[in-house]
Amino acid sequence: MEISVNSLMVLVLLLNFLALGFSQIGTVIRISAFQGVLLAAMPLWLGGDLGGRMLLLCLVTAVIKGALIPGMLFRAMRDVKIRREVEPLLGFIPSLLLGALGLGVGLVFAKSLPMFQGQEKTLILPGSISTILTGFIMLTTRHKAITQVVGFLILENGIYVFGLLLLGTMPELVELGVLLDLFVCIFVLGIILNHIQRAFSSLDSNNLTTLREKP
Amino acid sequence: MFLEALTQAFFFLLLSPILLGVINKTKAFVGGRQGPPLLQTYYDLAKLFRKGMVFSRTTTWVFRAGPVVGWLSVFAASWMVPLGRHPAPLAFEGDMIFMTYLLALGRFFTVSAALDTGSSFEGMGGSREVSFSSFSEPALFFGFMALSRLSGTYSLTGMLSPDAYGVGRGGTVPLILLAVAWFIVLLAENSRIPFDDPNTHLELTMIHEVMVLDHSGPALGLILHGSAMKLLLLGALVLDIVFPWSLSGSWMNWLFFVLELGFLAVTIGWVESIMARLKMKHVPNLLVSASLLSAFSLILLLR
């Protein structure tokens, strides 16, 4: 069980790097969607007694993260007609290196946190921390609002991974609430995307830093 | 011992050019063409070694030393690489560093010879070669660190023998990452397709071929044969990780290794058929990713 979970976590971490390294926004959206589906299937790999409600929750998570949210993002992408992130605040190689640093930080930091029995060896906690950091890096260093939304999604994936540690002790209602929050968030962000696009005729969030009206 | 050395020399001196033939055959097959004969590289070598050499009057001894030192350094490095399940003829603590820097010495002389011609194109190729190899070296060394962590030895023969690391020792995932990283390094170091197209002779886009434009005759033959040996050398490193099983019987192992080599050549040919060359500015991205994969596998093992 430990090996299979760790292999899956390594895949999730590799997807983090891929998301940091690609400039095509469509690819990055697909990567985050795949990561979400992979994580939704994670409770099945962790084993233990899963009730019907848990299975349903996994299914709902997979549908929302794998189909609904990417669908909305792709529609937003089509509406605003942008394809790739050009010249982020931090180049692709530095952000990749920063991601690697985040992984190192996660591994070091995870050692000093108290863990349940039998979870010391899994990669779940370091993976969660480094996924959250990857989300932060994407949120802070990308200019296009869509990529920032994807960064937010990856951040949420990291939090979901953290929730896997508490599987069985955390009520499903909390998970469902988080999912609802996420869905609403993406919905609102989609509307904001449209407004930025209409106001500035581009999706560069740098435009939001100037306060005065454009002449 | 003597027999082993003889087999090692046989593989590197005589068998390595056929790898290029298999790669080209695979590419031709995927492209629906007949392709050059399997032994085309041998014909090329035979042709080149019969020809005379032309040296420009502006070049010095550095230009003549380039191909010779380049070939010799790869040949010397080859003695430290275990082929398949067989220990290398030469093994000592830290030989992976010696091997890597022998390859770097050869590269230094090839680049120096390119600069010695005074051609601006060759200088450009030399600059690319040096900058890209400085990106691929960390990937190689993180891999060596990971392997020595797994096996507890500091020699290539020790760290690449199948009982030093196994599926049972929890190294599966790191080794997969490492194999991918080293395969990228192999493609970059041998100037295969995502990095450089071995078929074009267009100076503006090339890395390796542009450095050797002014060499002719036997010198060019040495360069061609040296690059074939380098492909076998790095290929053997990758294959030792990808197939960590030992069969019973020495001859079975050699046979298996030949099959592995065929597999490697077909894989490279297949990758070349389905991919286009990367933009020059994207090459460092891929190489840095290879280093990251390699470092990731080391981190997983250090945990």
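What you are looking at is a predicted structure, and each value in this text was computed from that prediction instead of being measured.

About the cut-offs
Residues numbered from 1 in each chain as written. Chains lettered and ligands numbered in written order. Predicted model: local features only at pLDDT ≥ 70, side-chain atom pairs only at ≥ 80, totals over all residues. Helix = DSSP H or I, 4+ residues; strand = E, 2+ residues; numbered from the N terminus. Rg over C-alpha atoms; globule rule 2.2 N^0.38 Å. Buried ≥ 20, exposed ≤ 12 C-beta atoms within 10 Å, placed from the backbone. Contact = placed C-beta atoms within 7 Å. Nonpolar A, V, L, I, M, F, W, Y, C, P; charged D, E, K, R; others polar. pLDDT = per-residue confidence, 0-100. Expected span 1.5 Å × (residues − 1). Bend = angle between axes of the 7 residues up to and from the residue. Core = buried A, V, L, I, M, F, W, Y, C linked by C-beta atoms within 7 Å.

Q: Can you help me understand the overall build of chain B in this one?
A: Summing up its helical and strand segments, chain B has eleven helices and zero strands in all. Starting at the N terminus and ending at the C terminus, chain B contains elements arranged as α-α-α-α-α-α-α-α-α-α-α. Taken against the 2.2 N^0.38 rule, which gives 19 Å for 303 residues, the C-alpha radius of gyration of chain B at 19 Å falls within 12% of a compact globule. Dimensions of chain B, computed from the C-alpha atoms along their principal axes, are close to 60 × 45 × 40 Å. Among the 303 residues that make up chain B, the fraction classed as buried is 49%. Considering only contacts in chain B between residues 6 or more positions apart, those separated by 24 or more positions represent 77%.

Q: Looking at this model, I keep getting lost on the interface of chain B and chain A. Mind explaining?
A: Interface size is commonly expressed as the accessible surface area that is lost when the partners come together. Facing the ten residues of chain B at the interface are twelve residues of chain A. Broken down by element, the residue count for the side of chain B that touches chain A peaks at eight residues, all from helix α11 (residues 283-302) of chain B. Of the residues contributing to the side of chain B that touches chain A, the split by class is seven nonpolar, two polar and one charged.

Q: I keep staring at the confidence of the model for chain B and nothing clicks. Help me out?
A: Keep in mind that low pLDDT regions are not for reading the predicted coordinates in detail. Residue-level pLDDT values for chain B average 89, and 97% of them are 70 or greater. Scored as a complex, the prediction yields pTM 0.87 and ipTM 0.75.

Q: Which parts of the structure should I look at to understand helix α7 (residues 145-165) of chain A?
A: The periodicity of an α-helix, 3.6 residues per turn, causes residues three or four positions apart to be oriented the same way. A rise of 1.5 Å per residue sets the reference length of α7 of chain A, with its 21 residues, at 30 Å; its end C-alpha atoms lie 31 Å apart and thus fit the reference within 8%. Most of α7 of chain A is tucked away: 15 of the 21 residues are buried.

Q: I keep staring at helix α4 (residues 52-80) of chain A and nothing clicks. Help me out?
A: Residues and elements named next belong to chain A. Taking 1.5 Å per residue, 29 residues should reach 42 Å; α4 reaches 41 Å between its end C-alpha atoms and fits that length. At isoleucine 64, α4 is deflected by roughly 35°, the largest bend along its length. Those residues of α4 that fall on the buried side of the exposure criterion are Thr61, Lys65, Ile69, Pro70, Leu73 and Ala76. Lysine 81, located one to two residues past α4, shows a positive phi value of around 55°.

Q: Whenever I open this one, the nonpolar core confuses me. Can you help?
A: Considering soluble globular proteins, one finds that nonpolar side chains tend to be buried as a cluster. One finds Leu19, Val81, Ala181, Trp182, Val185, Leu232 and Val238 of chain B to be the most contacted residues of the largest nonpolar core, which totals 132 residues. Sort the elements by how many residues they give to this core and helix α9 (residues 217-242) of chain B lands first, with 16 residues.

Q: Sorry, what's going on with the environment of leucine 153 of chain A here?
A: All names here are of chain A. Position of leucine 153 among the secondary structure elements: in helix α7. For leucine 153, a count of 28 C-beta atoms within 10 Å corresponds to the buried category. Excluding anything up to four places from it in sequence, leucine 153 contacts Ser32 and Ile69.

Q: Can you help me understand the environment of glutamine 40 of chain B in this one?
A: Residue and element names in this part refer to chain B. Position of glutamine 40 among the secondary structure elements: in helix α2 (residues 40-50). Spatially, the C-alpha atoms of glutamine 40 and leucine 14 are 13 Å apart, while their sequence positions differ by 26 residues. In this view, glutamine 40 contacts Gly21 and Asn24; residues no more than four positions away in its chain are not counted.

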